[in-house]
Amino acid sequence: MDISLSQTAAERQAKRILDLTRSAHGRMQLASLLAAAGLDDEAIAVQLDWLDRTS
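Residues numbered from 1 in each chain as written. Predicted model: local features only at pLDDT ≥ 70, side-chain atom pairs only at ≥ 80, totals over all residues. Heavy atoms only, no water.

The α-helix winds at 3.6 residues per turn, so residues separated by three or four positions along the chain end up facing the same way. Taking 1.5 Å of rise per residue, the 13 residues of helix α2 (residues 24-36) would be expected to cover 18 Å, and the 18 Å separating its terminal C-alpha atoms lies within 8% of that figure. Taken residue by residue, α2 has Gly 26, Leu 30, Ala 31 and Leu 34 as its buried positions. On an axial view of α2, the arc spanned by its buried residues comes to 140°, and they lie on one face. Along α2, exposed side chains directed more than 90 degrees from the buried face belong to Ala 24, His 25, Met 28 and Ala 36. Buried-residue contacts for α2 involve α1 (7-20) and α3 (41-54). Phi turns positive one or two residues past the end of α2, at Gly 38, with a value near 105°. (Helix = DSSP H or I, 4+ residues; strand = E, 2+ residues; numbered from the N terminus. Expected span 1.5 Å × (residues − 1). Buried < 20%, exposed > 50% of the residue type's maximum accessible area, 1.4 Å probe, protein only. Arc of directions from axis to C-beta. Contact = heavy atoms within 4.5 Å.)

Pasting the structure below:
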């Protein structure tokens, strides 16, 4: 089974993730998703910092 995202679906998902970072509540949701994916607190902080710098 092919589970890869199409380019359009990937772009929509990336936009949703960036939209999450625009509010404190969204950042908390994103941090929760990253934690559920197995990232530790330091890795989550690095990812949120990267999003701040690049968005």
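Below, the discussion takes up the packing of α2 against α3. Following both chains from N to C, one finds α2 and α3 inclined at 135°, their axes separated by 10 Å at the closest point. When the axis of α2 is compared with that of α3, the two are oblique. The element α2 and its partner α3 pack so that their crossing is right-handed. Between α2 and α3, the residues in contact are Arg 27, Leu 30, Ala 31, Leu 34 and Ala 35 and Ile 44, Gln 47, Leu 48, Leu 51 and Asp 52, respectively. Here the residues of the contact of α2 with α3 sort into seven nonpolar, one polar and two charged. (Axes fitted to C-alpha atoms, helices over the stretch in contact; angles between N-to-C directions. Parallel < 35°, antiparallel > 145°, perpendicular 65-115°, else oblique. Left-handed = near helix turned anticlockwise from the far one by under 90°. Nonpolar A, V, L, I, M, F, W, Y, C, P; charged D, E, K, R; others polar.)

Now for α3. Taking 1.5 Å of rise per residue, 14 residues should cover 20 Å, and α3 covers 20 Å from first to last C-alpha, within 8% of that figure. Here α3 has its buried residues at Ile 44, Leu 48 and Leu 51. Relative to the axis of α3, the buried residues are bounded by an arc of 55° and lie together on one face. Turned more than 90 degrees away from the buried face of α3 sit Glu 42 and Arg 53, all of them exposed. Buried residues in α3 make contact with α1 and α2.

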